[in-house]
Structures are given as structure tokens and as C-alpha cells.
Amino acid sequence: MAVEETGKLDALRQEIRAFLRKNLPKGWGTPEYVAPERGSKEAHELGKQWQKKLYDAGYTGFGVPKEYGGIERSREEMAVIREELTHTGAPPLAGSLGPSIVLPTLLRYGKEWQKKRFIPKILSGEESWCECFSEPNAGSDLANIQKTGVRDGDEWVVNGQSVWTSGAKFADWGVAPVRTDLKAPRHRNLSYFVFDCKSPGFEVRPLRQMTGDSEFGETFFDNMRIPHENMVGEEGKGWYVAMATLEAERGGGFQFLAPSRRIELTSLGGVDNFVELAKNTKRRGKVVWEDPVFRQRIAQFAIENEAMRYSRERMRVKAQKKQTTGNEQSISSIFSREKNQRQANMVAEIMGANIQFMKGDKRALDDGSWAYTFLRTRGNTIETGTTEINRGIIAERMLGLPKSRA
Ligand SMILES: Cc1cc2nc3c(=O)[nH]c(=O)nc-3n(C[C@H](O)[C@H](O)[C@H](O)COP(=O)(O)OP(=O)(O)OC[C@H]3O[C@@H](n4cnc5c(N)ncnc54)[C@H](O)[C@@H]3O)c2cc1C
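Residues numbered from 1 in each chain as written. Predicted model: local features only at pLDDT ≥ 70, side-chain atom pairs only at ≥ 80, totals over all residues.

### Observations concerning the packing of helix α9 (residues 326-351) against helix α10 (residues 369-376)
We apply this condition: The angle between two axes is taken between their N-to-C directions and runs from 0 to 180 degrees, where each axis is a line fitted to C-alpha atoms and a helix contributes only its stretch in contact. By the criteria applied, helices consist of DSSP H or I runs no shorter than four residues and strands consist of E runs no shorter than two, each listed in order from the N terminus. Working definition: roughly parallel below 35 degrees, roughly antiparallel above 145 degrees, roughly perpendicular at 65 to 115 degrees, and oblique for all remaining angles. Crossing handedness follows the turn of the near helix against the far one: under a right angle anticlockwise gives a left-handed crossing, and clockwise gives a right-handed one. Two residues qualify as a contact pair if the distance between their C-beta atoms, derived from the backbone, is within 7 Å. Ten residue types, Ala, Val, Leu, Ile, Met, Phe, Trp, Tyr, Cys and Pro, are classed as nonpolar, four, Asp, Glu, Lys and Arg, as charged, and the remainder, Gly among them, as polar.
Packing of α9 against α10 leaves a shortest axis separation of 9 Å and a crossing angle of 140°. By the angle between their axes, α9 is oblique relative to α10. As for the relative orientation of α9 and α10, their crossing is left-handed in sense. Contact residues: A344, V347, A348 and M351 in α9; W370, T373 and F374 in α10. For the contact of α9 with α10, the per-class residue count stands at 6 nonpolar, 1 polar and no charged.

### Considering the pairing of strand β4 (residues 173-179)
We apply this condition: The burial criterion counts other C-beta atoms lying within 10 Å of a residue's C-beta, which is placed from the backbone; the residue is buried at 20 or more, exposed at 12 or fewer, and partly exposed between these limits. We treat two strands as partners when DSSP finds at least two bridges between them.
Most of β4 sits inside the fold, with 7 of its 7 residues counted as buried. A two-sided burial pattern is seen for β4, the buried positions comprising W173, V175, P177 and R179 on one face and G174, A176 and V178 on the other. In the sheet, strand β1 (residues 129-131) pairs with β4 via 3 bridges, with the strands oriented parallel. Looking across to β4, one finds that W129 is bridged to W173.

### Some thoughts on the nonpolar core
Heads up, the condition is: In these notes, a nonpolar core means any group of buried Ala, Val, Leu, Ile, Met, Phe, Trp, Tyr and Cys residues linked to one another through C-beta atoms within 7 Å. Where each domain begins and ends is defined by an automated method or by a domain database.
Residues V102, I119, Y192, F193 and V232 are the most contacted members of the largest nonpolar core, which totals 57 residues. Here the element with the most residues in this core is helix α4 (residues 97-109); it accounts for 6 residues. A domain-level breakdown of this core finds at least three residues from each of domain 1 (3-97) and domain 2 (104-108 + 128-250). Excluding its chain neighbours within four sequence positions, the residues that come into contact with V102 are L97, I122, W129 and V175. The next biggest cluster of nonpolar side chains, apart from the first, holds 14 residues, and it includes F274, L277, V347 and I355.

### Section: the domain arrangement of the protein chain
When its domains are assigned, the protein chain resolves into domain 1 (3-97), domain 2 (104-108 + 128-250) and domain 3 (263-398). The gap between the C-alpha centroids of domain 1 and domain 2 is 31 Å. Residue-level contacts link 7 residues of domain 1 with 10 residues of domain 2. For the side of domain 1 that touches domain 2, the class distribution of residues is 2 nonpolar, 3 polar and 2 charged.

### A word on the environment of K198
In this fold, K198 is placed in the loop between β5 (190-196) and β6 (202-206). For the pair K198 and I303, spaced 105 residues apart in sequence, the C-alpha separation works out to 46 Å.

### Looking at the site of the ligand
Definition in use: We call a residue near a molecule or strand when its C-beta atom, built from the backbone, sits within 6 Å of it.
The environment of the ligand is formed by 19 residues, the closest being F133, G139, S140, S166 and T386. Within the residue set of the shell around the ligand, elements represented by two or more residues are β3 (155-166) and α11 (387-398). Here the shell around the ligand gathers at least three residues from each of two domains, domain 2 (104-108 + 128-250) and domain 3 (263-398).

### Points about the packing of helix α7 (residues 272-279) against helix α8 (residues 292-320)
Look at α7 against α8: their axes get within 10 Å of each other, and the N-to-C directions meet at 170°. It follows from the interaxial angle that α7 and α8 lie roughly antiparallel. Contact residues: α7 offers F274, V275 and A278, while α8 offers F294, I298 and F301. When grouped by side-chain class, the residues that make up the contact of α7 with α8 number 6 nonpolar, no polar and no charged.

### Focus on the pairing of β5
Burial analysis of β5 places 6 of its 7 residues in the buried class, the great majority of the element. In the sheet, β4 pairs with β5 via 7 bridges, with the strands oriented antiparallel. Within the sheet, the bridge partner assigned to W173 lies in β5 and is D196. In the sheet, β5 pairs with strand β8 (residues 231-232) via 2 bridges, with the strands oriented antiparallel.

This is how it looks when you write it as C-alpha cells:
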């Protein structure tokens with residue numbers, strides 16, 4: 001790389017560090033910092049404000065055409081931004097569904113006005129989104145969606161129910177495939193809509209998870225009206241639009257988001273926290289870090305995290321070149337979600353009975369955050385489509401095996 005280029009990247013690095021010093025919440029990274037309650041309105045608002053600051057500073061919103069609010073950066077600049085934000089660690093962004101699944105869907109199938117209206121506010125974090133796909137009898141079998149839409153002039157009157165709708169309680173907008181042709185066969189009877197969550201007839205009932213959070217809920221559509229112009233793609237072709245959403249979801253929207261938490265780029269391949277835990281915990285009177293079996297397992301996770309990092313980087317580059325990455329995303333998705341669970345299982349072994357103490361319990365280590373992680377990762381192999389379904393995709397589309405009859 002030319003000396004001039006290196007100088008520019010160094011200047012960018014300094015600029016980001018100054019930005020972080022000025023803009024991170026007061027006390028961030030110190031023991032005095034009190035984060036808003038996870039899942040609370042305050043946490044959501046903090047995430048929104050943080051995303052807006054990042055966007056205004058040009059540190060997020062990459063890979064999107066400028067006319068829809070995208071920020072142009074070279075690969076090297078993006079890498080510097082990612083590194084700096086990841087090393088510092090920053091507040092989680094408010095709801096990732098907008099950037100990760102709605103944005104790619106709109107880019108591919110949205111009408112021009114929809115792209116111009118929605119994408120800039122997704123990038124800036126000003127509007128949050130939810131995804132009303134799964135229903136009580138349509139999860140893995142998404143084509144079985146029962147939600148109906150009947151045309152009435154310039155509007156569609158929608159009735160039905162979704163479940164597991166993440167982020168619904170704070171969402172401004174939602175996406176939903178709806179049966180608009182009651183006679184057509186599966187896959188040809190759906191149309192895909194964006195809708196305003198403030199519309200009369202839309203109701204959210206939060207559900208309580210075993211973590212204590214209510215990340216998702218049931219959502220009800222009771223004669224809710226959606227303008228016809230909100231249809232994304234063509235009438236009756238909503239299945240293909242929904243597949244674009246699911247493909248993006250499996251890839252985690254990696255190309256548009258700035259990183260928020262301290263994850264993969266840390267010096268030890270993202271395993272520093274396990275090392276710390278192992279050094280500070282005793283099992284049967286012996287410090288865990290002195291046990292070669294645990295050290296070996298932690299080293300293995302460091303290797304796997306590096307492998308994931310490079311494979312995500314490869315997908316990111318492919319996506320920027322407009323090449324499809326769906327199959328690789330299925331592989332990466334299975335691997336990372338199962339790895340999350342294996343990591344949490346190892347933590348449970350290190351901590352022994354202490355893993356049971358939740359937030360607020362005086363006996364809890366780290367105020368129950370390990371217990372929370374253990375419980376939360378159980379959902380990882382279900383959300384964004386189960387790992388069984390992803391294995392089916394790999395079997396059929398990559399390996400050419402016969403279609404499953406299940
Ligand atoms: C934390 C979390 C957040 C979520 N957020 C959202 C959201 O925001 N929006 C949304 O729409 N949905 C969301 N979901 C729902 C999720 O997409 C579904 O739970 C998932 O698709 C599985 O559907 P299901 O629960 O109906 O299970 P089912 O489809 O009933 O599956 C039950 C079991 O059967 C297996 N199975 C089913 N069919 C096959 C097959 N053909 N081959 C092999 N095995 C099969 C499944 O793998 C599973 O183990 C979320 C789920 C979780 C856990």
C-alpha cells in the first residue's frame with residue numbers, strides 16, 4: 001500500500017478514536033458505567049442514538065448506493081472502522097432487523113420510492129423493524145402462511161397472527177408475507193408488504209423467554225389496512241421476496257452494519273473473556289486455567305473464531321461484488337450458532353453450579369451474564385430458521401442430494 005494511503009488510514013484511525021472518546025456514553029468501559037436494562041426502552045433508545053451518531057460520522061451504512069443513503073468507503077477504511085469499534089466495544093445497535101434483513105430485501109425487490117423512503121432511516125437507525133413471518137403453523141414450513149389479505153380499493157385488509165416476532169414492541173415498521181390469492185397453490189399465493197406498526201388493528205403481545213427477557217412476542221393483524229403501494233415485488237410473487245429476506249437473515253446482514261460488541265477481532269480471537277473466567281475460577285480446588293483440557297478447548301474456540309472471521313470477510317467481499325452467498329451463509333450460520341452453544345456449554349462446565357445464578361442473585365458471578373448467555377444461546381439453533389432446515393438446504397442445493405419428504 002502506498003505511503004500516502006497508509007497515512008490516510010492512520011488519520012482515519014485517530015479520527016475514530018477521537019470520535020469514540022467524545023461520543024461513547026459517559027463512563028463507558030469503566031466499572032462505574034451502568035448500562036440500561038437489557039431489552040428496556042432506554043436500551044433501545046441508546047442503540048438508536050448510537051447508530052445515528054455512527055451513521056452521521058460515516059462509520060456505518062456501507063455497501064448501499066449513495067442515492068439510498070449509503071456511505072462510500074474503501075475496503076481498507078471499512079476494516080479500520082470495524083477494528084476500532086470492535087476493540088473499544090460500543091453500545092449494541094437498536095434492533096438489527098432493519099439493516100440485516102429488510103434493507104437487502106428492499107434493495108433487491110423494493111420500488112424506487114420504497115428504497116428512498118425506508119433505507120436511509122434504516123441505516124441511520126431512526127426507524128426500527130420487525131419481521132412477521134413465523135405463525136403458529138408456519139415456521140419451518142413458511143409456505144403454509146395463513147395470514148390473509150383482501151383487496152379493498154387502494155388498500156389490503158389483512159387478518160391473521162404471527163408469533164416469535166422479535167423486536168415488535170419497539171418496531172416502527174414491519175414486513176410480512178400475506179396470502180393475497182386464496183385459490184392459488186402454495187408459493188404462488190403470497191404477496192409481501194411493508195407496514196406501519198402504528199396502523200389500527202396491529203397488536204403486539206410480548207412473550208416472556210426463559211432468560212427473563214421479552215425479545216419477541218405474538219403479533220395480531222385484525223382488519224389491519226396496508227396501502228397497495230406498500231407491496232414489495234409483484235402481487236403473488238411474495239414467496240421470492242420472502243426468500244430474499246431469509247437468505248439475508250442467514251448471513252446476518254454482515255455487509256451493512258458497524259460492529260457493536262467486543263467480538264471477533266480481539267487479540268485472542270474473541271476468547272479473552274473465557275481466559276479471564278478460567279483464570280478466576282476454581283474447579284475442585286484447582287484454577288481452571290491450569291487444566292490443559294480447558295486451555296485446549298479455549299484455544300480451539302480461538303481457532304474457530306478466526307476461521308469464522310475469514311469466512312465472513314470472504315462473504316462480505318462476494319456480497320460487495322454482487323455475487324450470491326446463500327449457500328455459504330447456511331454453512332456459516334450453522335457453524336456459528338452451534339459454536340455459540342458449545343462455548344456456553346464450556347462456560348457452564350467451568351462455572352459448575354454457579355451458572356444457575358441469574359441477574360440480581362447475590363451469588364451470581366458477573367451479575368448473571370453468563371447464566372443469561374447460556375440460556376439465550378439455546379434459541380440460536382432455532383432462530384433465523386432451524387439448523388435442521390439449514391442442513392436440508394446444504395444437502396439439496398450444495399450437495400445435490402434428493403429433497404427431504406419431511
Ligand atoms: C429467539 C428467536 C427469535 C425469533 N425471531 C423471529 C422473528 O423475528 N420473526 C419470525 O418470523 N420468526 C422468528 N423466530 C421464529 C423462527 O424462525 C422459528 O422458530 C423457526 O423457523 C422454526 O419454526 P417453528 O418454531 O414453527 O418450528 P417447526 O417448524 O414446527 O419445527 C419443529 C422442529 O421440527 C424440525 N423440522 C421442521 N421441518 C423440518 C424439515 N423439513 N426437515 C428437518 N427438520 C424439520 C425443526 O428443525 C424443529 O426442530 C424466532 C425464533 C427464536 C427462537
